[in-house]
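Structure at a glance
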Amino acid sequence: MNRLFVAGGRPLKGKVRVSGAKNASLALLCAAAMSRDSVILENIPDISDINVMSEIMKEMGFKTKREASGALEICAPLKLNAQPPYHMVKQLRASNLLLGPLLARFGEAEVALPGGCNIGVRPMDLHFKGLSGLGAQVSMKHGTVSAKADKLVGNRIYLDFPSVGATENIMMAACLAEGQTILENVAKEPEIVDLANFLNCLGAKVRGAGTDIIKIEGVQELGGCLRYPVIPDRIEAGTFMVAAAATGGDVELENVIPHHMEPICAKLREAGVEIIEGEEALRVVAGGKLKPIDLKTLPYPGFPTDMQSQFMAMLCTIAGTSVIIENIFENRFQIADELKRMGANIKVEGRIAVIEGVNELHGTHVKATDLRAGAALVIAGFMAEGTTEISNVKYIDRGYHLLEEKMKTLGAQVWRKDSR
Ligand code: EPZ
């Protein structure tokens, strides 16, 4: 059912458990392709992006099995029986993360170029620069990228931009390259650190993840890590925090790593939201009058682009002027048009959005344009007078595990219907 209905006007209150991180899980699944032994990844969210990635790997000869606990077992074949199937790869941008692991493990990889998506062109030039730097022959034709290498050899590689995906692809490939690789100007997201920890659990020698420079000593093969738990999803957690703040609610989140949430907590506190930190929990207590803020998205530890749409929704009814600058993707303000249909006052000029707070949003029919915009429209629906109908809910299902169930435990009124 591809339409979600949200009744507005109710503050979210209660406790909810955050799922495993979608973006870390996708990278770990690809890294598991490099292991000679089967691996059980714990806390992997049951969302369509993960299920599509599992299906792609199954088509290539991997065995994947979901345990009752929600853990996912991956067992790599000795030899691939196919390259990632084009019709499935096109559904999932993150399938480009198979490039490095398959190249390193099997000496070749062919992955459909994941075309641009709603938030931007999403080129892969930095991925190719790094893999070529390790000695791979990388070519592109008919929308497919091929990489081949009899042997990968360590090298010093500088990333012109700290791309998350390029850092992940090159780091994975370098683990099985001969000699040392030094990666400079890399991404420092928590998902990069989680991937490095998993690779080291498989016997790799990765040092420096989370800093600007990662050093990798190549090894012969990877294996021997039977179980590995993925980190909690900081973006899912942030989405719930904004929903609580935007509805004047009081929500406690379990299974979070507060350190990963610092940029999100900092901006919520600046807006006047009270946040109480626990060991592995965060409690958001809103209720007072919120203040307008300025946001600029940056690579971690800057403010995450994946939280930009959710904050835009919250800022729509905060009196005063808020400014958002989107520095990561060139087309990540499409939600502004949908929020304006609900009565928001937003002006977009290139990478800058200026939000003038209005008294109230009004429920109407809106459509999700990408995963995080979809989540942001749910938040706008909670804030609005009346009921909001959101179409293209499949985007939300890509990245949020049991979103409605979790929102209902917080007192939200959400339900689904088939498209007309
Ligand atoms: C990852 O995408 C995440 N996806 C994105 O989350 C996230 O928004 C993004 O990192 C930034 O944090 C996954 O991890 C599966 P990038 P990725 O390479 O790796 C440019 C979500 O909603 N670039 O860091 O594709 C690129 O065009 C998704 O969960 C190049 O120019 O992001 C973009 O402008 C959305 N050349 C910028 O870098 C390259 O070779 C950041 O992209 C690669 C990227």
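Computed from a predicted structure; not experimentally measured.

Turning our eyes to something else, we now look at the site of the ligand. Around the ligand, the surrounding shell holds 23 residues, and the nearest of these are D125, L126, S163, D306 and I328. Here an oxygen atom of the ligand sits 2.7 Å away from a polar atom, N or O, in the side chain of S163. Note that an oxygen atom of the ligand is positioned 2.5 Å from one of the backbone N or O atoms of I328. In isolation the ligand offers 830 Å² of accessible surface; the protein chains occlude 86% of this area. Counting residues per element, the ones that place at least two in the shell around the ligand are helix 1 (22-32), helix 5 (125-133), helix 6 (164-175) and helix 12 (371-383). Looking at the shell around the ligand, its residues break down into eleven nonpolar, five polar and seven charged.

Each assigned domain of the protein is listed with its residue range as follows: domain 1 (2-18 + 232-418) and domain 2 (22-229). Domain 1 and domain 2 are separated by 30 Å when their C-alpha centres are compared. The partner domain 2 presents 20 residues to the 24 residues of domain 1 that form the contact. Contact with domain 2 buries surface across domain 1, with Y300, R398 and H401 losing the most and accounting together for 31% of the total. Applying the counting rule to domain 1 against domain 2 returns two salt bridges. Between R398 and D49 there is a salt bridge, with the nearest N and O atoms lying 2.7 Å from each other. Summed over the shared surface of domain 1 and domain 2, the result is twelve residue pairs in polar contact (both at pLDDT 80 or more).

A few words now on the packing of helix 5 against helix 6. Closest axis-to-axis distance for the helix 5/helix 6 pair is 8 Å, and the angle between their directions is 20°. Relative to helix 6, the element helix 5 lies roughly parallel. Relative to helix 6, helix 5 is oriented so that their crossing is right-handed. Taking contact as the criterion, the partners of L126, H127, G130 and L131 in helix 5 are, on helix 6, G165, A166, N169, I170 and A173. When grouped by side-chain class, the residues that make up the contact of helix 5 with helix 6 number five nonpolar, four polar and no charged.

So, about the sheet that holds strand 19 (residues 345-349). Strand order in the open sheet formed by four strands is 17-18-20-19, and the pairing between neighbours is mixed. Edge positions in the sheet fall to strand 17 (294-296) and strand 19, since each of these pairs with one other strand and no more. For this sheet the average axis-to-axis angle between neighbouring strands, irrespective of direction, equals 10°. Here strand 17 runs beside strand 18 (residues 321-325); their pairing, made up of three bridges, is parallel. Residue pairing across strands places D294 opposite V323, the latter belonging to strand 18. Packing against the sheet, helix 10 (residues 308-315) makes contact with strand 17, strand 18, strand 19 and strand 20 (352-356), and its axis sits at approximately 170° to strand 18.

Pairing is mixed in the open sheet, where four strands are placed in the order 21-22-1-23. Looking at which strands have only one partner, the edges of the open sheet turn out to be strand 21 (365-367) and strand 23 (413-417). Between one strand axis and the next, the sheet turns by 25° as a mean value, whatever way the strands run. When strand 1 (residues 3-7) meets strand 22 (residues 387-391), the two strands line up antiparallel, connected through five bridges. From the neighbouring strand, V6 faces strand 22, where its bridge partner is T388. Strand contacts of helix 12: strand 1, strand 21, strand 22 and strand 23, with the helix running at about 30° to strand 1, the strand carrying the most contacts.

Let's shift gears to the pairing of strand 20. Burial along strand 20 is one-sided: the face carrying A353 and I355 is buried and the face carrying I352, V354 and E356 is not. Examined bridge by bridge, strand 18 and strand 20 share five bridges and lie antiparallel to one another. Opposite S322, over in strand 20, you have I355 as the bridge partner. As paired strands, strand 19 and strand 20 are joined by five bridges and run antiparallel to one another. If you follow N345 over to strand 20, its bridge partner there is E356. The hairpin formed by strand 19 and strand 20 contains two residues between the paired strands, and G350 there has a positive phi angle of roughly 65°.

Moving on, we get to the environment of H142. For H142, the position within the fold is in the loop between strand 7 (137-141) and strand 8 (144-148). Classification of H142 as exposed rests on a relative accessible area of 74%. Sequence spacing of H142 and V6 is 136 residues, and the spatial spacing of their C-alpha atoms is 42 Å.

This part is about the nonpolar core. Membership of the largest hydrophobic core comes to 79 residues, with the highest contact counts inside it found for M171, F198 and L199. With 73 residues, the next largest nonpolar core counts I275, I318, A380 and V414 among its residues.

Reading the values: rules and limits
Residues numbered from 1 in each chain as written. Predicted model: local features only at pLDDT ≥ 70, side-chain atom pairs only at ≥ 80, totals over all residues. Heavy atoms only, no water. Near = heavy atom within 4 Å. Polar contact = N/O pair within 3.5 Å; in protein donor to acceptor, adjacent residues only side chain to side chain. Areas by Shrake-Rupley, 256 points an atom, 1.4 Å probe, with all protein chains shown as cover. Helix = DSSP H or I, 4+ residues; strand = E, 2+ residues; numbered from the N terminus. Nonpolar A, V, L, I, M, F, W, Y, C, P; charged D, E, K, R; others polar. Domains from an automatic or database assignment. Contact = heavy atoms within 4.5 Å. Buried area = accessible area lost by both parts, 1.4 Å probe. Salt bridge = Lys/Arg side-chain N within 4 Å of Asp/Glu carboxyl O. Axes fitted to C-alpha atoms, helices over the stretch in contact; angles between N-to-C directions. Parallel < 35°, antiparallel > 145°, perpendicular 65-115°, else oblique. Left-handed = near helix turned anticlockwise from the far one by under 90°. Pairing = 2+ DSSP bridges. Buried < 20%, exposed > 50% of the residue type's maximum accessible area, 1.4 Å probe, protein only. Core = buried A, V, L, I, M, F, W, Y, C linked by side-chain atoms within 4.5 Å.

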